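Each chain, letter by letter, is given below.
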Amino acid sequence: MLKYRNRVLGFLFLLLVITYLDRVCISVAGPRMQEALHIGPIGWGWVAGIFTLSYAVFEIPSGALGDRIGPRRVLTRIVLWWSAFTSLTGLVTGLYPLLLTRFLFGMGEAGAYPNASVAVARWFPLHERGRAFGVTLMAAQLGGAFAPLLVVPIQNHYGWRASFYVFGVLGVAWSGAWYWWFRDSPAEKPGVSQAELDETRGLISKAHHSLPWKIALRSGNFWAAMGVAVCYVYTFYFFQSWFHTYLVKGRGYSENGLLLSSLPFFVAACTNLAGGLASNALVKKLGLKWGRRSIGLAGLGIAAPSMIAVMFTHQWLWVLFLLSLSYGGVAFQQPIVFAVCLDIGGEYAGQIVGAMNTAAQIGSLASSLAFGYLVSHFGSYNEPFVPMAALLLAGACLWLKIDPTQRLISAPVGSPGWN
């Protein structure tokens, strides 16, 4: 019989598909939008960056809200909000209305990952969390992979605005089904078997108070996790913001050629899942510390040299292959970043994931702005890859500083979260 937590995983899978369809839609539409709205490289950098700015500001409050009142209500609000602003993106008439729309979009979407993580923390035992994050993050990459396949034909037939109207509807349907079916813990859900209740009982308590930030901010473990997030997301966000513009303007792809841009996202989908499954196996074999750490080292250790090679490659197919390899390496370790937040955060999982995602948005904002300014300054699309490669190497080194066996807030064996 299918366990109820796997049905929860199915809902989270669809959530992340829709999230990245909506996010990557603007990247695919980017070349057309820049031409139609007369936006240059620096302006487009701000379009990409303003989303991450508001997203970062509201990540921790939204994660804390999920810890207190549960992800059922919070995710419903989040998805309805971002669906509205996805559709409204199709109505903008210039740079400044687009900046306002993207800022409000980021404000509303903030908290999606922290609250999905709260759902995982309450429904999945520790040894299954790597798999759970692997599956859900794989879904995000599939959303990114499907976006060009859907957006390009819609743009060709109906214009770039129509794609935003279409994608805005999907989240409304998901949020209605989620609110009707999901419950914030297995004990609240009718039909969950006694065996599954026993497996999940006492996993985590509902936190009715804030994380003791003074303790967290004195933890080297905490700062190492935040540092990894900044380093890998600097490159990760390139694929959500500048990737399609880079292929068209930096590598001469045609609009129909953007259909090939799905390849890195399909590769990342596979490596997201592979990273989660590999961590599950390695945690059992090597223990929690190296079962998590080894995935991070391998992923970023592959991504960095691949990104360096892109700068010295001129053949378009090899460029796409190397970018796929780099993105795949980043995605391989991504589920473990989230799993580590649950490992060290315990009952404050939503707030720790919110903090990690806030740190990550520093990387996103810096990436989106730096890319535009570097292209404008050097007149080339090659130089922006230098800081990407450097930060990927730094992130690999920081994985050696992370110890997922060390809780930020100590709790005795047998207390909630230690099962």
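Everything numeric here is computed off the predicted structure, so don't read it as measured data. (Residues numbered from 1 in each chain as written. Predicted model: local features only at pLDDT ≥ 70, side-chain atom pairs only at ≥ 80, totals over all residues. Heavy atoms only, no water.)

**Student:** What is the right way to read the overall build of the protein from this model?
**Tutor:** Counting its regular elements, the protein contains 16 helices and 0 strands. Taking 22 Å as the expected radius of gyration for a compact globule of 419 residues, we find that the protein reaches 20 Å, a close match to that expectation. Across the protein, contacts joining residues at least 24 apart in sequence account for 85% of those joining residues at least 6 apart. Roughly 15200 Å² of accessible area belongs to the protein as shown, and the carbon and sulfur atoms make up 70% of that amount. Taking the average location of the 29 positive side-chain charges in the protein and that of its 16 negative ones, the two points are 2 Å from each other. (Helix = DSSP H or I, 4+ residues; strand = E, 2+ residues; numbered from the N terminus. Rg over C-alpha atoms; globule rule 2.2 N^0.38 Å. Contact = heavy atoms within 4.5 Å. Areas by Shrake-Rupley, 256 points an atom, 1.4 Å probe, with all protein chains shown as cover. Lys, Arg positive; Asp, Glu negative; His and termini not counted. Charge placed at Lys NZ, Arg CZ, Asp CG, Glu CD.)

**Student:** Can you walk me through the side chain of Asn-221 in this structure?
**Tutor:** By the secondary structure assignment, Asn-221 is in helix H10 (residues 220-241). Here Asn-221 falls in the buried class, since its relative accessible area comes to 9%. (Buried < 20%, exposed > 50% of the residue type's maximum accessible area, 1.4 Å probe, protein only.)

**Student:** Any chance you could explain helix H5 (residues 112-123) here in plain terms?
**Tutor:** Along an α-helix, a turn takes 3.6 residues, which lines up residues three or four apart on a common side. Given a rise of 1.5 Å per residue, 12 residues ought to cover 16 Å, and the 17 Å separating the end C-alpha atoms of H5 matches this to within 8%. Most of H5 sits out of view: 12 of its 12 residues are buried. Residues of H5 that are buried: Ala-112, Tyr-113, Pro-114, Asn-115, Ala-116, Ser-117, Val-118, Ala-119, Val-120, Ala-121, Arg-122 and Trp-123. (Expected span 1.5 Å × (residues − 1).)

**Student:** Please explain the environment of Ala-331 as it appears in this structure.
**Tutor:** Assignment of secondary structure puts Ala-331 in helix H14 (residues 316-345). Taking the C-alpha atoms as reference points, Ala-331 and Gly-40, separated by 291 residues in sequence, lie 30 Å from one another. Setting aside residues no more than four positions away along its own chain, Ala-331 makes contact with Ala-268, Thr-271 and Asn-272.

**Student:** Would you take a moment to explain the nonpolar core for this structure?
**Tutor:** The biggest cluster of nonpolar side chains holds 128 residues, and the ones touching the most others in it are Phe-238, Tyr-246 and Leu-323. For this core, the leading source of residues is helix H1 (residues 4-37), giving 18 residues. Contacts of Leu-323, omitting those with residues within four sequence positions, involve Phe-238, Phe-239, Phe-243, Tyr-246, Met-307, Val-310 and Phe-385. (Core = buried A, V, L, I, M, F, W, Y, C linked by side-chain atoms within 4.5 Å.)

**Student:** Explanation requested: the packing of H1 against H10 in the structure shown.
**Tutor:** To characterise two packed helices, one gives the angle between the axes of the helices and the distance between these axes. For the pair H1 and H10, interaxial distance at closest approach is 7 Å and the crossing angle is 75°. Put simply, H1 runs roughly perpendicular to H10. Contact with H1, carried on its side by Tyr-20, Arg-23, Val-24 and Ser-27, involves Phe-236, Phe-239, Gln-240 and Ser-241 of H10 and no other residues of that element. Residues belonging to the contact of H1 with H10 are distributed by class as follows: 4 nonpolar, 3 polar and 1 charged. (Axes fitted to C-alpha atoms, helices over the stretch in contact; angles between N-to-C directions. Parallel < 35°, antiparallel > 145°, perpendicular 65-115°, else oblique. Nonpolar A, V, L, I, M, F, W, Y, C, P; charged D, E, K, R; others polar.)

**Student:** Where do I start with the packing of aromatic side chains in this structure?
**Tutor:** For any pair of aromatic rings, the description rests on two quantities: the centre-to-centre distance and the angle between the ring planes. Using the criterion set out here, one finds 34 aromatic pairs in the structure. With a centroid separation of 6.2 Å and an interplanar angle of 65°, the aromatic rings of Phe-243 and Phe-265 are classed as edge-to-face. Of this pair, Phe-243 sits in helix H11 (residues 243-250) while Phe-265 is found in helix H12 (residues 262-286), placing the two residues 22 residues apart along the sequence. As far as burial versus exposure is concerned, Phe-243 and Phe-265 are alike and both buried. Pairing Phe-265 with Tyr-327 gives two aromatic rings, centres 5.5 Å apart and planes at 80°, and the pair type is edge-to-face. In this pair, Phe-265 is assigned in helix H12 and Tyr-327 in helix H14, connecting sequence segments 62 residues apart. Like Phe-265, the residue Tyr-327 is buried in the burial classification. (Phe/Tyr/Trp six-rings, centres within 6.5 Å; stacked < 30°, edge-to-face > 60°.)

**Student:** What is the right way to look at the pattern of salt bridges in this model?
**Tutor:** For side chains bearing opposite charge, pairing can occur when the charged atoms are close. In the structure shown here, the tally under the stated rule is 4 salt bridges. Taking the shortest distance from any N to any O, the salt bridge between Arg-131 and Glu-128 comes out at 3.2 Å. The class for Arg-131 is partly exposed, based on a relative accessible area of 23%. Taken together, the salt bridges that share partners define one network made up of Arg-5, Glu-128 and Arg-131. (Salt bridge = Lys/Arg side-chain N within 4 Å of Asp/Glu carboxyl O.)

**Student:** Help me understand the confidence of the model for the protein, please; the structure alone is not making it clear to me.
**Tutor:** A low pLDDT means the predicted coordinates there should not be read in detail. Looking at the protein as a whole, its pLDDT mean stands at 87, while 95% of the residues score no less than 70. Of the regions scoring below 50 in pLDDT, residues 411-419 engages in 13 contacts with residues more than four places distant in sequence or in other chains. (pLDDT = per-residue confidence, 0-100.)

**Student:** Is there a simple way to explain the packing of H12 against H14 in this structure?
**Tutor:** Running from N to C, H12 and H14 cross one another at 30°; their axes reach a closest spacing of 7 Å. The handedness of the crossing between H12 and H14 is right-handed. For the pair H12 and H14, the contacting residues are Leu-263, Pro-264, Phe-265, Val-267, Ala-268, Thr-271, Asn-272, Ala-274, Gly-275, Gly-276, Ala-278 and Ser-279 in the first and Leu-320, Ser-324, Tyr-327, Gly-328, Ala-331, Phe-332, Gln-334, Pro-335 and Ile-336 in the second. (Left-handed = near helix turned anticlockwise from the far one by under 90°.)

**Student:** How should the environment of Pro-71 be read in this particular structure?
**Tutor:** By the element assignment, Pro-71 lies in helix H3 (residues 71-89). The residues contacting Pro-71, other than those within four sequence positions of it, are Gly-66, Thr-76, Asn-115, Val-118, Ala-119, Arg-122, Trp-178, Phe-182 and Asp-184.

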